[in-house]
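# Chains, contacts and geometry: an overview
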Amino acid sequence: MCNNALSFAQELQQLKATDVIRNERVRAQFINVYNSIWNEGGEQAYEREAIYFNQQLRDKPKLRECSGTSVFYAFIDLAVKGLSLAPGTQALCYLIPRSRKVGVDQQGKDVWELACDLTFSPYGELVLRKNAGQIRHADNPVIVYEGDSFQYGEQNGQKIVNYMSAFPRTSSKIIACFVKITRADGTIDYS
């Protein structure tokens with residue numbers, strides 16, 4: 001088992017970023033992780049996310065320079081979180097290349113590598129919170145402009161918001177923004 005994991009780690013280090021996702025061992029690991037967390041659907045999730053992942057690698061040249069290991073971890077993180085890289089106006093997550101310090105060379109200079117990070121959008125964060133049972137629903141954010149009627153406070157231990165939009169709008173200056181969140185227990189919170 002330990003030798004198998006070590007050989008897999010060495011294999012990942014040698015793979016180019018563009019070769020990681022279609023590697024059979026990576027495929028098997030993704031499906032295994034996905035099915036162990038979400039109970040089923042790992043093969044379909046793998047096929048779908050492999051397409052989206054490779055599309056981002058193709059469209060963002062810096063991602064192709066990332067280490068094979070970091071690409072693997074970002075891909076497996078998709079399986080763990082149950083999110084998708086599907087593109088669109090409400091994309092749940094995306095890939096970002098970042099420089100990461102991996103050590104120090106013999107001359108004492110820092111050694112860096114380009115790493116692939118899976119980053120969650122606000123929409124992805126909402127899905128994660130729903131999946132974790134922290135919230136039931138979150139409304140779209142409301143932007144408050146100067147001239148709108150807006151009160152924010154607390155009453156009997158509950159946050160409250162009283163808001164009325166001015167119509168027609170009298171200013172384009174933004175003074176606040178809030179989101180109404182329905183918790184898992186049905187109570188309301190504002191952020």
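Before reading further, recall that the structure is shown in the block above.
## A short note on the sheet that holds strand S8 (residues 180–183)
With respect to topology, three strands assemble into an open sheet ordered S3-S8-S9, the strand pairing being antiparallel. Among the strands making up the open sheet, the edge pair consists of strand S3 (135–138) and strand S9 (188–190). On average, each strand axis in the sheet is inclined to that of its neighbour by 25 degrees, with strand direction left out of account.

## A look at the environment of Val-33
Turning to its location among the elements, Val-33 is positioned in helix H3 (residues 24–38). Residue Val-33 is classed as buried on the basis of its relative accessible area of 14%. C-alpha of Val-33 to C-alpha of Phe-72: the two residues are 39 residues apart in sequence and 13 Å apart in space. Aside from chain neighbours lying at most four places away, what touches Val-33 is Ile-76, Ala-79 and Val-80.

## Re the nonpolar core
If you look at the biggest cluster of nonpolar residues, it comprises 33 residues, and the most contacted ones within it are Phe-30, Phe-53 and Phe-75. Taken together, the elements giving at least two residues each to this core come down to helix H1 (2–14), helix H2 (17–20), H3, helix H4 (42–59), helix H5 (68–81), strand S1 (93–104) and strand S2 (110–120). Residues in contact with Phe-53, not counting those within four places in the same chain, are Ile-21, Val-71, Ala-74, Phe-75, Leu-78, Leu-85, Leu-95 and Cys-116. Formed by five residues, the second largest nonpolar core is a distinct cluster that contains Val-144, Val-161, Ala-176 and Phe-178.

## Describing the packing of aromatic side chains
With the rule as written, the count across this model stands at nine aromatic pairs. Relative to Phe-75, the ring of Phe-53 has its centre 5.2 Å away and its plane inclined at 80 degrees; by these criteria the two rings are edge-to-face. With Phe-53 in helix H4 and Phe-75 in helix H5, this residue pair connects regions lying 22 residues apart in the sequence. For Phe-75, a relative accessible area of 0% gives the class buried. Aromatic rings pair up to connect Phe-30, Tyr-34, Tyr-46, Phe-53 and Phe-75 into one cluster.

## With respect to the environment of Glu-43
Tracing the backbone shows Glu-43 in helix H4. Judged by relative accessible area, which is 49%, Glu-43 ranks as partly exposed. Linking Glu-43 and Ala-28, residues 15 residues apart in sequence, is a C-alpha distance of 8.9 Å. What Glu-43 contacts, discounting residues up to four positions off in sequence, is Arg-27 and Ile-31.

## Digging into H3
For H3, spanning 15 residues, the distance from its first C-alpha to its last is 21 Å, which sits close to the expected 21 Å at 1.5 Å a residue. Within H3 the residues assigned to the buried category are Val-26, Phe-30, Ile-31, Val-33 and Tyr-34. Each buried residue of H3 sits inside an arc of 165 degrees when the element is viewed along its axis, so together they form one side. Opposite the packed face of H3, turned more than 90 degrees from it, sit the exposed residues Glu-24 and Ser-36. Taking the backbone nitrogen of Arg-25 as reference, a side-chain oxygen 2.8 Å away marks Asn-23 as the first, capping residue of H3.

## Section: unusual backbone geometry
In this model, Phe-167 is joined to Pro-168 through a cis peptide bond whose omega is 0 degrees. Within the fold, Pro-168 resides in the loop between strand S6 (158–164) and strand S7 (174–178). The phi dihedral of Asn-39 is positive, around 75 degrees, even though this residue is not glycine. Along the chain, Asn-39 turns up in the loop between H3 and H4. Unlike most non-glycine residues, Asn-156 shows phi in positive territory, near 55 degrees.

## Re the packing of H3 against H5
Relative orientation of the contacting elements H3 and H5 amounts to 25 degrees, with a least axis distance of 8 Å. Taken together, the axes of H3 and H5 lie roughly parallel to each other. Two packed elements cross with a definite hand, and for H3 against H5 that hand is right-handed. Residues Val-26, Gln-29, Phe-30, Val-33, Tyr-34, Ile-37 and Trp-38 of H3 touch H5, and the partners they reach there are Phe-72, Phe-75, Ile-76, Leu-78, Ala-79, Val-80 and Lys-81. Taken together, the residues of the contact of H3 with H5 break down into twelve nonpolar, one polar and one charged.

Reading the values: rules and limits
- Residues numbered from 1 in each chain as written.
- Predicted model: local features only at pLDDT ≥ 70, side-chain atom pairs only at ≥ 80, totals over all residues.
- Heavy atoms only, no water.
- Pairing = 2+ DSSP bridges.
- Helix = DSSP H or I, 4+ residues; strand = E, 2+ residues; numbered from the N terminus.
- Axes fitted to C-alpha atoms, helices over the stretch in contact; angles between N-to-C directions.
- Buried < 20%, exposed > 50% of the residue type's maximum accessible area, 1.4 Å probe, protein only.
- Contact = heavy atoms within 4.5 Å.
- Core = buried A, V, L, I, M, F, W, Y, C linked by side-chain atoms within 4.5 Å.
- Phe/Tyr/Trp six-rings, centres within 6.5 Å; stacked < 30°, edge-to-face > 60°.
- Expected span 1.5 Å × (residues − 1).
- Arc of directions from axis to C-beta.
- Polar contact = N/O pair within 3.5 Å; in protein donor to acceptor, adjacent residues only side chain to side chain.
- Parallel < 35°, antiparallel > 145°, perpendicular 65-115°, else oblique.
- Left-handed = near helix turned anticlockwise from the far one by under 90°.
- Nonpolar A, V, L, I, M, F, W, Y, C, P; charged D, E, K, R; others polar.

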